[in-house]
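Here are the chains, one letter per residue:
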Amino acid sequence: MTGDDGCRLCGEPVGDERFCSSGCRAVYGELGVPAEGDANDGGPSPIPEGHVRTFLRVDGMHSRSCEVYLEALATAEGVADAEASYVTETVRIDHDPERTTKAELEAALSRTGYEAYLREDAAAADGDGVTRRSREVTGLRSRRSRDMLQGRYIAGVMFGLFVMVHYLTILYPAHLRFLYDDVVLAVFDRALASPAAMIFFLVLSTLTGLVFWFTGAPLIRGSYVGVRMRRGNTELLVALAATGAFVYGLVAIGLGRTDVYHDLTIAIVVVTVAAIYYESLVKRLAVDELSALTVSEVAEARLEGTGECVPVGEVEPGDRVLVRAGERIPVDGVLAEGECAVDEAVITGENLPVAKRAGDELIGGSAVLEGAAVCEAGSGTERGIDRLTTTVWNLQSADHGVGRRADELAGRVLPAVLGLAALVGVGTAVLGATPTEATLASLATLFVCTPWVVGFATPLSVAASVREATERGIVVFDESVLERLRGVDVVVFDKTGTLTTGSMAVLDVALPEEALEMAAALERRSAHPAAKAVVAAAEAGRGVTDGGIEHGQVSAFRSHATGVGGRVDGRELLVGHPELFDERGWSIPGPVRERLADVRAAGRLPVVVGRDGRAEGLVTLGDEPREGWAETMAALHDRGIETVVLTGDHEEATRFARERPDVDRVFAGVPPAGKTATVERLRARGTVAMVGDGTNDAPALAAADLGIALGSGTALASDAADLAVVGEELSAVETAFDLATAAGRRLRENVVLALSYNAVVIPAALLGVLSPPVAFGATVIAASLVAANAERSLVAG
């Protein structure tokens, strides 16, 4: 909630005003105040006095049970609050650093197969990705975790094959007697009745136990967490069936019987861990797709005078930092001297450059476009981008997503199976069976009635869906993302760089061709995006791309905060913002001023060109809508989804969206904090997805029920998002909805197909014909059906 001295929508400081921007005022007026208990009233609590807030990434989280377990592990002396999110693999802890250090928190959470580490310590040297998420997921610890899982799987396959060879050649013939003649059966019977048979069975039991405990360690860990937290999960389903089969086999060996189900134990463990490993591998490949995204972070700062580059964390208040044209400002501060043009779009969402003069505020993370900037570091060396990052982490740690349907199924089935096993054991004993026979009946019930194949079907289905999405240029990290996407009611779009291309292009030229060529010759010496657009327009007009324009003898070049000046072919030239002409005393004729007013009203950027003290015309620049944006809006609208455009840009720049009947709401001039507050208010009306590309969008992406980042976006935007579009096509958003719907349908189909195992073994057990070959055959049938269905393409095309 906002304070009395803050904006009524987002809480940003406003002084005596009620709102920090016209955009916040418009949102507040249309959406109003959320009711108590709405989605935006949640989120992180204030940090207690004397405490600090630490964010950790924890590898190995995959369910709500993991969240509860890790929150319990984080409870230690000096810890005031802990909140975990398996969706983002983030744990937020408020603690007293004098009583509990960050290293102690890492150690406390790095147990039972989990691996915790500080998010701020995810160094680029640990991985080859450029986003923080890709550095974390490709980092050394994660690689070790995946290598260990791969090693467990390979060991399970090797030992399992050794056991299965003996089953196929020795034990299965004993149960498939109708396939062999009496002579062969007599040989098998003598072998199984000999003293050496016990040694043979003990070797099989030992190898099976190794496979179960080593290869099946992820299943045992998940089961332990489920039991500890009293929450059913698929790992518990699988472990229960495998344990039942293994213990049954041990008891059978002790009784001298041949119905030893160690083969089933190995099959259960190996196929399930294979699916888990495949899911991990596919997700890793999906994260690799993010490595091409841009980076908005600055690791070092160049000190003025000495030219020494130091880590940003070592910059002290009052230090003067030199930032050259094309570089990003490393810390917040003020412009110490001179003037420059700055692109603050990454922070504010405003796509037009901002002129800065001595004494003006500079925001860390923004880029210097024109002129060199000397930034005097402020009282705190935290950057605007750092504050946005912290906001993202706060929101991510509170994102619990939705429970996996398979885990919910497990929670309902487990008590029934355990109750049935107990009932069968008691019933068998009442009917006159010995305690040993009653025990075997109960154990058989566990591996016969437990739908353990669901534990194989779930990760395999998730992996197949993630893989197909990646092949279509859509990066998702979890089935929960697709599940949330299926329930979206509102899609919020950023404008700049999302609905539009995010780059300056010449839309109109209203001046003599000679003047345009002379302006291009001058603009060649500038790094400003508008300058590049003017040069491109002049070259396109003459059909050249190598600079072959006729007018280009430049002298006395001067760079200003809002334009450039100099002499071209002996004539004085000025190119830039209308204010530059007023400052330099150059005249702007009435017709040119009228055209200026029209261009500004349309939300475009006018670049005035003048010669010898007088403006002759202007070049109109703008950020054009992406191809196919209207079709995407229409498709979502046809699905019954509300569409909203939310931008930090001025209202005139959103005219193209306001004219569309399938755009339900448009909010302009909204700062980053206002975007987050807007998303939270919309969440009170339904499930919200946010589509954005800039760092300024990151908190809103994290605040939404589902964040979607475009591939042209910044690293922080991708870190905050749940889904990333690698390419530039907005149509991929519609494709993501199609994939989500199809993935949900396939997951339900695979859960049903997984029950084919039980459909075979339950009747076999009731008819008294259940044996290891039958159980193993049922496993092969169920796993094959699930795998075949998982390989089907979700969406045509």
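Residues numbered from 1 in each chain as written. Predicted model: local features only at pLDDT ≥ 70, side-chain atom pairs only at ≥ 80, totals over all residues. Heavy atoms only, no water.

Thoughts on the packing of aromatic side chains
Inspection of every chain in the model, using the stated rule, returns 14 aromatic pairs. Both rings, one in Tyr-172 and one in Phe-776, keep their centres 6.3 Å apart while their planes meet at 50°; by these two values the pair is tilted. In this pair, Tyr-172 sits in helix H5 (residues 140-175) while Phe-776 sits in helix H29 (residues 772-790), placing the two residues 604 residues apart along the sequence. Residue Tyr-172 is classed as buried on the basis of its relative accessible area, which comes to 7%. Put simply, the rings of Tyr-69, Tyr-114 and Tyr-224 pair up and form one aromatic cluster. Across from the ring centre of Tyr-114, 4.4 Å away, lies the NZ or CZ of Arg-221, which sits over that ring. Across from the ring centre of Trp-629, 5.9 Å away, lies the NZ or CZ of Arg-660, which sits over that ring. (Phe/Tyr/Trp six-rings, centres within 6.5 Å; stacked < 30°, edge-to-face > 60°. Helix = DSSP H or I, 4+ residues; strand = E, 2+ residues; numbered from the N terminus. Buried < 20%, exposed > 50% of the residue type's maximum accessible area, 1.4 Å probe, protein only. Lys NZ or Arg CZ within 6 Å of the ring centre and 35° of its normal.)

A closer look at helix H6 (residues 182-193)
In this model H6 runs 16 Å from its N-terminal to its C-terminal C-alpha over twelve residues, within 8% of the 16 Å that 1.5 Å per residue would give. Restricting attention to buried positions, one finds in H6 the residues Leu-185, Phe-188 and Leu-192. Buried residues of H6 fall within an arc of 60° about the axis and therefore sit on the same side. Facing away from the buried side of H6 by over 90 degrees, the exposed positions are Asp-182, Val-183, Arg-190 and Ala-193. (Expected span 1.5 Å × (residues − 1). Arc of directions from axis to C-beta.)

Considerations on the environment of Gly-648
If you trace the backbone, Gly-648 turns up in the loop between strand S22 (642-646) and helix H23 (655-658). C-alpha separation for the pair Gly-648 and Phe-667, spaced 19 residues apart in sequence, amounts to 8.5 Å.

Considerations on the confidence of the model for the chain
A low pLDDT score tells you not to read the predicted coordinates there in detail. Confidence along the chain averages 80 in pLDDT terms, with 83% of residues attaining 70 or more. Scored below 50 in pLDDT, residues 123-141 makes 61 contacts in the model with residues more than four places away or belonging to other chains. Within the model, pLDDT remains below 50 along residues 543-549, and this stretch shows eleven contacts once partners closer than five positions in the same chain are excluded. (pLDDT = per-residue confidence, 0-100. Contact = heavy atoms within 4.5 Å.)

Overview of the sheet that holds strand S21 (residues 614-622)
Read from one edge to the other, the open sheet built from six strands follows the order S16-S21-S20-S19-S18-S17, with strand pairing classed as antiparallel. The strands lining the two open edges of the sheet, one partner per strand, are strand S16 (505-510) and strand S17 (554-560). The sheet shows a mean angle of 20° between the axes of neighbouring strands, direction not considered. In the sheet, S17 pairs with strand S18 (residues 563-568) via five bridges, with the strands oriented antiparallel. Its bridge partner being in S18, Ser-555 is matched across the sheet by Arg-567. In the packing of helix H21 (residues 590-601) onto the sheet, contacts are made with S16, strand S20 (605-611) and S21, and the angle to S21 comes to roughly 15°. (Pairing = 2+ DSSP bridges. Axes fitted to C-alpha atoms, helices over the stretch in contact; angles between N-to-C directions.)

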